[in-house]
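Single-letter residue listing:
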2 protein chains.
Amino acid sequence: MAVQGAPQRRPSIHDVASHAGVSAATVSKVMQGVATVKPANVQRVFDAVERLGYRMDPLASELRRSKRRIIGAVVPEFESEFFGTVITELERLAEQRGYALVAASSRESETREKEILARMHDWRVSGVVLAPVRNERSPAAAFMKASGMTGVMIDRVLADNAFDTISADSAAASAEVARALVGNGHRHVLVIGLGEHAATVHARLEGFRAQALALAPDMRIDVILSESDVAPLRASLRDYFGKGERPTAVYSLFLKGTLVALSEFRRRGWHCPNDISLVGFDDAEWMQVTFPAIAAVVQPVRRIATQAMDLLFRRIEGEEGPSRALLEPCKVLMRESVGSPGGGARPGAGDGQ
Amino acid sequence: MAVQGAPQRRPSIHDVASHAGVSAATVSKVMQGVATVKPANVQRVFDAVERLGYRMDPLASELRRSKRRIIGAVVPEFESEFFGTVITELERLAEQRGYALVAASSRESETREKEILARMHDWRVSGVVLAPVRNERSPAAAFMKASGMTGVMIDRVLADNAFDTISADSAAASAEVARALVGNGHRHVLVIGLGEHAATVHARLEGFRAQALALAPDMRIDVILSESDVAPLRASLRDYFGKGERPTAVYSLFLKGTLVALSEFRRRGWHCPNDISLVGFDDAEWMQVTFPAIAAVVQPVRRIATQAMDLLFRRIEGEEGPSRALLEPCKVLMRESVGSPGGGARPGAGDGQ
DNA sequence: CAATTGCGAAAAACCGATTTATCCATTGCC
DNA sequence: GGCAATGGATAAATCGGTTTTTCGCAATTG
């Protein structure tokens, strides 16, 4: 391999052609492994490629082929472990199929979400995996449909029939949480969530409510939903406790809510699970190393990504048929933060490191 | 805006040209706002654009201009809050300048890191922000230099003069940690880290050691470094405590190490800060809501990203001159996990909120 | 021996844009 | 009226590739 200092212009296919004494078309064929080239010429091309350190420009290539091997991924934020893992997996899966992944964050803005999709369209991506800010009935989704893009939606989806969707089975997981809390004797639970994530919040809330009321009709379920930011949620929660409300357990429908709850407990000097129990949707690494370890619903992140890519490539390859709505099962880890209302810690059922 | 059902072929500049009854060159000029076009024609072009829903293909455009408005970003992982924030900021800053950000993760592999850089080069990106797996003396960096790419390095850098580098001032922060621990009476501290991140680990360790020994020459500093994975670190730590070693404080040089330490304390039933104190490099949201709140060094993530983009664009715009090595100051938050060796909790100095 | 066939490679068209060179029609000036 | 200058638009070249068409030449066939 020839390492030149810092070549101003990269060698193009024509440079290779003239160095090898053949035409550009021949070089192109050699690069693609077409068999109808004489071995002698193949060798000369390879030599020239080696000498010049030639690498083809994939974008130029794809321009001519009018098909870009690019998959777009749009998530509400990069900062969370959840979406970070999603992007990592999608990148892996795309590359595995010879595609490049281009990721963008909508920063929880539907306006931006739509702009990003327009950009992806301009880039002529082959397909898009979209984790919408709110749900799949958004300007961005409408744009995708109108402009004929192929894509799948993940995470915050309603599972209506507009797109292929993949998400965690929030309702089932919430039902399991309900069983655990009811089983431990809780009859007054506060549920907190962010309304902005309408799609998931709804499933998580109703899944919980239905199961809880089925098991304990006398159950009291309070709900605090804040529209679009955690700050008002924090305020409402402070207000709620300030008024003397004293549920025996809090169920947070999203990760940041769990943090808000913990910090509010902290302010008041309450300890889990003696003073109050806590379960959160979404697991994080730190939850098993703190005192107490925090009970959480673990989403099948990697599986969601895998299924999304599978479905997406089926569509890219032209599969027709009605859109599917996949629900992937969660795991619920009941850790020390959940106990019985009496004040005793719940025995056993640690989550084994 | 004409919303067609699902156009098979997107309109090109030629389609617009023929619909408007002008040449493609004229359309191109109108799109770029060149003034030498008759108003009547400008109007006709705009009409045609509107009617067809035309949007230019930026990649085709940039092919001709042989300059792609793309910035590459390479980080070791997407899952962490730190790199998530970095990517978010870089994306924002790139877009602000009319560039698109293409992010990729090296997944802590130097081999992959190099491959990604080759891909970025193939894409003819204008510049790269690289957060190297180990440090800036890597195959990837050599490749960048050899192929004349312009780029800056962040985070795990040695600050030698090969590239522009930006990182947190680890040494200064570590010195501050040392002052705090010594000030609280600690004379036996265990430092844990991952050797793979050689660049940062070294600065953090030596910064701590130098300051600690300067203040307390009798200080005993034990060090456990694991090469490339946390698992062996966990094992070593278990072994270390198992042998009866009992430092009064642990200083973890990286986030996951803090988790390992906490989980090991947990296994042994030790509580911070009564049984042992803990400080970690890298802050996380959860650290201020747990009991105890965990003391941590807060890196100036956004500032690092901003400076990186600034320097990068200066280079892209042709600025010459020797490479710089920027060190951005950290903040050290001494929370409840640090106390005095005697066993008493350290009074005051909570971190607000 | 002329016509057909087939192989391998080059020439040319194309992808979707931009940019340079060219061209036509006025207009200005002497 | 003749000639240069100018405004405005188009044709053509270009970017870095791929693909179709054409072409030269040798081997096969009638």
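Calculation rules
- Residues numbered from 1 in each chain as written.
- Chains lettered and ligands numbered in written order.
- Predicted model: local features only at pLDDT ≥ 70, side-chain atom pairs only at ≥ 80, totals over all residues.
- Helix = DSSP H or I, 4+ residues; strand = E, 2+ residues; numbered from the N terminus.
- Rg over C-alpha atoms; globule rule 2.2 N^0.38 Å.
- Contact = placed C-beta atoms within 7 Å.
- Near = placed C-beta within 6 Å.
- Nonpolar A, V, L, I, M, F, W, Y, C, P; charged D, E, K, R; others polar.
- Least-squares fit on C-alpha atoms with pLDDT ≥ 70 in both.
- pLDDT = per-residue confidence, 0-100.
- Pairing = 2+ DSSP bridges.
- Axes fitted to C-alpha atoms, helices over the stretch in contact; angles between N-to-C directions.
- Parallel < 35°, antiparallel > 145°, perpendicular 65-115°, else oblique.
- Buried ≥ 20, exposed ≤ 12 C-beta atoms within 10 Å, placed from the backbone.
- Right-handed = clockwise from strand over helix to strand, strands pointing away.
- Left-handed = near helix turned anticlockwise from the far one by under 90°.

A.B. asks: Before we move on, can you summarise the overall build of chain A with the specific residues and values?
C.D. replies: When helices and strands are counted, chain A shows 12 helices and 12 strands. Computed over C-alpha atoms, the radius of gyration of chain A comes to 27 Å, more than 25% over the 20 Å expected from 2.2 N^0.38 for 353 residues, which places it beyond the range of a compact globule. For chain A, the spread of C-alpha atoms along the three principal axes comes to 85 × 40 × 30 Å. For chain A, contacts bridging at least 24 residues in sequence account for 70% of all contacts bridging at least 6.

A.B. asks: How would you sum up the protein's contact with DNA strand C? Please name residues and give values.
C.D. replies: Around DNA strand C, 25 residues are found, and the nearest of them are Ser23, Lys38 and Arg64 of chain A together with Ala25 and Ser28 of chain B. Across the surface near DNA strand C, the residue classes tally to 11 nonpolar, nine polar and five charged.

A.B. asks: Residues and numbers for the protein's contact with DNA strand D, please.
C.D. replies: Neighbouring residues of DNA strand D: 25 residues in total, closest Ile13, Ala25 and Ser28 of chain A together with Ser23 and Lys38 of chain B. Secondary structure elements with two or more residues in the surface near DNA strand D: α2 (24-32) and α4 (58-65) of chain A together with α2 (24-32) and α4 (58-65) of chain B. Among the residues forming the surface near DNA strand D, the class breakdown is 11 nonpolar, nine polar and five charged.

A.B. asks: Break down the relation of the copies chain A and chain B for me, with residues and values.
C.D. replies: With an axial shift of 0.0 Å and an RMSD of 0.1 Å, the rotation relating chain A to chain B amounts to 180°. Seen this way, the second copy is the image of the first under a two-fold rotation axis. Taking C-alpha positions as the reference, the residue of chain A nearest the rotation axis is Val102 of chain A, at 2.8 Å.

A.B. asks: Which residues make up the confidence of the model for chain A, and what values do they have?
C.D. replies: All names here are of chain A. Confidence along chain A averages 92 in pLDDT terms, with 95% of residues attaining 70 or more. Throughout residues 1-6 the model reports pLDDT below 50, and contacts reaching past four residues in sequence, or to other chains, amount to eight contacts. A low-confidence stretch, residues 345-353 (pLDDT under 50), is modelled with 13 contacts involving residues beyond four sequence positions or located in other chains.

A.B. asks: Can you lay out the interface of chain A and chain B for me, pointing to particular residues and giving the numbers?
C.D. replies: Frequently, the measure chosen for interface size is the accessible area removed from exposure when the parts meet. Opposite the 37 residues of chain A that make contact, chain B presents 37 residues. Those elements that place two or more of their residues in the side of chain A that touches chain B are α4, α5 (81-96), β2 (100-105) and α11 (255-268) of chain A. If you tally residues by element for the side of chain A that touches chain B, the top one is α5 of chain A, at six residues. In terms of residue class, the side of chain A that touches chain B is made up of 20 nonpolar, eight polar and nine charged.

A.B. asks: Which residues make up the sheet that holds β2 of chain A, and what values go with them?
C.D. replies: Residue and element names in this part refer to chain A. The parallel open sheet is built from six strands, whose spatial order is β2-β1-β3-β4-β5-β11. Strand pairing shows two members of the sheet lacking a second neighbour, β2 and β11 (325-328), which therefore form its edges. Averaged over all adjacent pairs, the angle separating strand axes in this sheet is 15°, with direction ignored. The pairing of strand β4 (residues 151-154) with strand β5 (residues 164-168) spans three bridges and is parallel. By the bridge assignment, Ile154 is partnered in β5 with Ile166.

A.B. asks: So what's going on with the packing of helix α6 (residues 110-122) of chain B against helix α7 (residues 139-146) of chain B? Residues and values would help.
C.D. replies: Residue and element names in this part refer to chain B. Here α6 crosses α7 at 20°, and the two axes come no closer than 8 Å. If you check the angle between α6 and α7, you find them roughly parallel. Contacts between α6 and α7 pair Glu110, Glu113, Lys114, Leu117 and Ala118 from the former with Pro139, Ala140, Phe143 and Met144 from the latter. Here the contact of α6 with α7 is composed, by residue class, of six nonpolar, no polar and three charged.

A.B. asks: Describe the pairing of strand β1 (residues 70-75) of chain B, with residues and values.
C.D. replies: Residues and elements named next belong to chain B. Counting buried residues in β1 gives six out of six residues, a clear majority hidden from the surface. Because side chains alternate across β1, one face comprises the buried residues Ile70, Gly72 and Val74, and the other comprises Ile71, Ala73 and Val75, equally buried. The sheet contact formed by β1 and strand β2 (residues 100-105) spans six bridges and is parallel. Residue pairing for β2: Ile71 is matched across the bridge by Leu101. One crossover worth recording links β1 to the parallel β2 by way of helix α5 (residues 81-96), and it is right-handed.

A.B. asks: Quick rundown of the packing of helix α10 (residues 230-242) of chain B against helix α11 (residues 255-268) of chain B? Include the residues and the values.
C.D. replies: Residue and element names in this part refer to chain B. The geometry of α10 relative to α11 is characterised by a closest axis approach of 10 Å and an angle of 40° between their N-to-C directions. In terms of their interaxial angle, α10 and α11 are classed as oblique. α10 and α11 meet at a crossing whose hand is right-handed. Within the contact between the two elements, α10 uses Val230, Leu233, Arg234, Leu237, Arg238 and Phe241 and α11 uses Lys256, Gly257, Val260, Glu264 and Arg268.

A.B. asks: Kindly report on the environment of Ile70 of chain A, identifying the contributing residues and their values.
C.D. replies: All names here are of chain A. Here Ile70 lies in strand β1 (residues 70-75). Linking Ile70 and Ala100, residues 30 residues apart in sequence, is a C-alpha distance of 4.8 Å. Those residues in contact with Ile70 that lie beyond four places of it in its chain are Tyr99, Ala100, Val102, Trp123, Val125 and Ser126.

A.B. asks: For the sheet that holds strand β7 (residues 220-226) of chain B, give the residues involved together with the corresponding values.
C.D. replies: To summarise the sheet geometry, strands pair through backbone hydrogen bonds and adopt either a parallel or an antiparallel arrangement. Residues and elements named next belong to chain B. Taken together, the six strands give an open sheet; going across it, the order is β7-β6-β8-β9-β10-β12, and neighbouring strands pair in mixed fashion. Taken across any chain shown, the strands that pair with only one partner, and hence form the sheet edges, are β7 and β12 (331-333). Put simply, the sheet's adjacent strands are angled 15° from each other on average, direction ignored. Bridging between strand β6 (residues 188-194) and β7 involves seven bridges; their strand directions are parallel. Bridge pairing in β7 links Gly193 to Leu225.

A.B. asks: So what about the environment of Ser80 of chain A? Which residues, and what values?
C.D. replies: Tracing the chain through its elements places Ser80 of chain A in the loop between β1 and α5. The exposure class assigned to Ser80 of chain A is partly exposed, which follows from the 19 C-beta atoms found within 10 Å. If we ignore the near neighbours within four places in the chain, the residues touching Ser80 of chain A are Leu255 of chain A together with Gly84 of chain B.

A.B. asks: Tell me about unusual backbone geometry, and name the residues and values.
C.D. replies: Residue and element names in this part refer to chain A. Following Cys272, the chain continues into Pro273 via a peptide bond in cis, with omega recorded as -10°. Relative to the helices and strands, Pro273 resides in the loop between α11 and β9 (277-281). In this model, Arg124 sits at a positive phi of 60°, which is unusual for a non-glycine residue. Mapped onto the secondary structure, Arg124 falls in the loop between α6 (110-122) and β3 (127-130). Under the C-beta neighbour-count criterion, Arg124 is labelled partly exposed, with 18 such atoms within 10 Å.

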